[in-house]
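Architecture at a glance
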Amino acid sequence: MCGIVGYIGKNNARITLIEGLKRLEYRGYDSSGISIHNGNEIKTIKSVGKVSNLEEKINPDEFRGNLGLAHTRWATHGKPSIENAHPHNAGDITLVHNGIIENYQEIKKYLIKKGHEFISDTDSEVVAHLIQEENKTKEFEEAVRDALKKIKGAYALAIIHKNYPEKLIVVKNSSPLVIGIGEDEFIIASDASAIISYTNRVLYLDDNELAILSPTNYTVKTISSNKSLYKEEQELDWSDEQAKKEGFDHFMLKEIHDQPHSIQDAIRGRIDMDNGMVLLGGLIPIEERLRSINRIIIVSCGTSYYAGLVGEYMIEEYAGIPTEVEYASEFRYRKPLLDKNTAVVVISQSGETADTLAALKEAKNKGALTIGIVNVVGSSIARQTDAGIYNHAGPEISVASTKAFTSQLSILTLLTVYLGRQRDMSMVMGKRILSELQKLPSLIEKILKEEGSIQKIAKKYADFENFFYLGRKYNFPIACEGALKIKEIAYTHAEGYPAGEMKHGPIALIDKNFPSIVLAPKDSVFEKTLSAIEEIKAREGKVVAITTEKNKDLSVEDTIFVPKTLEILTPILMTIPLQLLAYFVGTERGHDVDKPKNLAKSVTVE
Ligand code: G6P
C-alpha cells in the first residue's frame, strides 16, 4: 500500500502535493518523491525516509508548475531506495503507482529485448516503460489504454507526459483512487485525506476506469472499450482524521475491513491454478534445498505466534513435514537442536521484533535454513533471513494486529501447498485448497456485513470480566488469538484453551458470570467441540458459538455464522468475528482501541 497524489489546475502543484503526501504518509513511509511539469519539462526529485526529508531537498524555484505527481512508498518490489522510489520515468512518461503488477517480469523481459533499460527493481517502472513503448506509435491516451490491456494485477496509476502539460491521466483497478474536484483544479489521491482540506466534492473511480483531467475539465472512460461514462460526484462531510480512516471510527475497524483486499494482495500472482502449484519468487533461490528439509520450526511473538500455530497444523497435515512452533523469546535462550535439514520460519509483521530477530540469529548460527514471512520490505528480519515471502498487507497502523494476521495465515496456506506439492500432495488437492483460498475475500465480505449483529453481542457481554475462548485443531490457535485480541483492546481477562482441555481443570471456573466464546465450525472435530459446549451449559455457563452457516446442531445463548470453507481455511474466517467482538467490547468500554494502554506496535527491545 502506497500513497499517491496528483494535481492539475491553476495553482502551484508542489504545495498541494507535499501537503497531500504528509497526509498520506500513514499509507507508506519508506521513501517519497515528486514530479512537477513546469510547462516545458518534467522535474523529479526523490528521497528515502519521511516526506519531510523530501521537502528539505526541494528547491521551490525549480519545482514550480501547474501539473504534478507525488508518491509516498511502502515497498513491495524492491527495497526502500532512491532508485525504487516513485515517480518512475521512461522517456516522456512519468508515473506513480500503488498496487502490484503480477506479470511485470514477463513484460520486463519483453521490453529489455526491445532495448529498454531499467534502473529500479520495481514493477511500477515496467509500466512506465510499457506506456513509452506503446507511445512510439500511438498518442498518449491510447498508449496508456493499450499498455493497461497487457497488465495483470492491481493498480492505481497517475500518469503525465512531457508533451502534454495540461493533461493528467489516472486509472484504477483494485487499488483505491479518488478525484477531488475544486475550482479550476483537481487533486487525485489514494484516499480523501489528501483532498479534504481543498474540497469535499469527490468522484470515486471504479475498477477498470480511466479519467483524463485538464485544469478545468474531466472525462471518465472505461479502459477496455474507451466508452465515456457519467459518474456521480459525491460530497464528503468527513474531518481530516476520518478521511484517513476512510470514514471508519478507528484504524482497527478500517483494517478489519481491509482484509478482503489484504488477503487478495497476499495471494495475488502467486497461484498457478492449472497445476495446483504456488509461485513464490522469494523462495526460488532455495527451492532445491527446501526439497530436503525434514523439520520445520516456526518462531514468532504475539499474534504472529498464533499464526505459526495454525501453520503447524497446516504443514503437518498437508505437506507431511514435522513442525514445531516456539515463542521467539523462549527459543533464543534454549538449546535448540537444529541442522541443515531444518528450516526455521520466522513470522513477523514488523520484521523488527527484538526477540524474533535474536531467535533468527541463533537459528542461523546453528546452520538452519531461515525463511521470513514479513510484512515490512527491507526490515531487519527480511534482510537477515536466507529467503522470504512478503505479506503485501500494507502498513498496519492500529497496535493490535488484524489484517497482518489473516495475511500471515494466507501466506502459510500458500507455503503449505508449495511444500506439499514438492512432496506427496496431489495436483487435485493443490487446486482444491488454492481455489477455496481465492474465495476467501468474498466470504470475508459476507461476514463483515454481519457486523451489526456482532456489535449487539459485544454490547451484551461488554461488562463481563472473564472469558474462555475455546477451539479445537485448526481453531485452537484462533481461540488463543481471539483471547489475546480482547485482552489487548478491552483489557478483560480471557483465556484461549483447546476445547478438549476444559474438563482437565478450567471448567472449575465456569458459572453464569464466566462466558465462553466457542469456535465450532462444522469440521472434523465439530462433535467433540459440541461435547465441550454441553459441559459448559450444564454448569450454567453462557456460550457464544461461532459456527458454519446453516448449522442447526447448536443450541446456545448466541450464535455467529460464518460461510462454509475447507477445514484448513476455517481459521481465517473464524478470526473476523473475534476481531470485531474485541473491537466492539473495547469501544463499548470507551477505550482508545488504536493505541491500547501498555502496548507497542513494534517491540524492538527485549
Ligand atoms: C507486539 C504487537 C503485537 C505483535 C507482536 C509481534 O507485541 O503489539 O500485535 O503481534 O509485537 O510483532 P511482529 O511485528 O513480530 O509480528
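Residues numbered from 1 in each chain as written. Predicted model: local features only at pLDDT ≥ 70, side-chain atom pairs only at ≥ 80, totals over all residues. Heavy atoms only, no water.

Considering unusual backbone geometry
A cis amide bond, omega -5°, links H86 with the succeeding residue P87. Structurally, the position occupied by P87 is in the loop between β4 (67-73) and β5 (88-90). Not every positive phi belongs to a glycine, and N226 is a case in point at roughly 60°. According to the relative accessible area criterion, N226 is partly exposed, its value standing at 29%. With phi around 50°, E246 is a residue other than glycine that occupies positive phi space. Mapping E246 onto the fold places it in the loop between α6 (240-244) and α7 (251-257). Given the relative accessible area of 30%, E246 is considered partly exposed. (Helix = DSSP H or I, 4+ residues; strand = E, 2+ residues; numbered from the N terminus. Buried < 20%, exposed > 50% of the residue type's maximum accessible area, 1.4 Å probe, protein only.)

Re the nonpolar core
In terms of nonpolar packing, the biggest core is built from 92 residues, with L283, L290, I296 and Y469 touching the most fellow members. Ranked by the residues each element gives to this core, the list is headed by helix α19 (residues 570-588), at 11 residues. Residue-level mapping places this core at the junction of two domains, with at least three residues from each of domain 2 (243-447) and domain 3 (451-588). Beyond its immediate sequence surroundings of up to four residues, L283 is in contact with L290, I371, A387, G388, I389, L415 and Y418. One finds I93, F118, V127 and I151 within the second-largest nonpolar core, a separate group that totals 27 residues. (Core = buried A, V, L, I, M, F, W, Y, C linked by side-chain atoms within 4.5 Å. Domains from an automatic or database assignment. Contact = heavy atoms within 4.5 Å.)

As for the domain arrangement of the protein
Per the domain assignment, the segments of the protein are domain 1 (3-236), domain 2 (243-447) and domain 3 (451-588). One C-alpha centre belongs to domain 2, the other to domain 3; they are set 25 Å apart. Contacts between the two partners involve 34 residues from domain 2 and, on the opposite side, 30 residues from domain 3. Taken as a group, Y306, Y313 and I447 account for 23% of the area that domain 2 buries against domain 3, more than any other trio of residues on that side. The tally of links between domain 2 and domain 3 comes to two salt bridges. Of the charged contacts, one joins E317 and K473 as a salt bridge, the two residues approaching to 4.0 Å between their closest N and O atoms. One can count 10 residue pairs in polar contact (both at pLDDT 80 or more) joining domain 2 with domain 3. Among the elements of the structure, α7, α8 (259-267), α10 (302-318), α14 (403-422) and α15 (427-448) are those that each provide at least two residues to the side of domain 2 that touches domain 3. For the side of domain 2 that touches domain 3, the class distribution of residues is 19 nonpolar, 10 polar and five charged. (Buried area = accessible area lost by both parts, 1.4 Å probe. Salt bridge = Lys/Arg side-chain N within 4 Å of Asp/Glu carboxyl O. Polar contact = N/O pair within 3.5 Å; in protein donor to acceptor, adjacent residues only side chain to side chain. Nonpolar A, V, L, I, M, F, W, Y, C, P; charged D, E, K, R; others polar.)

Regarding the pairing of strand β19 (residues 323-327)
The pairing of strand β18 (residues 295-300) with β19 spans five bridges and is parallel. Note on β19: the bridge partner recorded for I296 is T323. Of the crossover connections in this fold, the one passing from β18 over α10 to the parallel β19 is right-handed. (Pairing = 2+ DSSP bridges. Right-handed = clockwise from strand over helix to strand, strands pointing away.)

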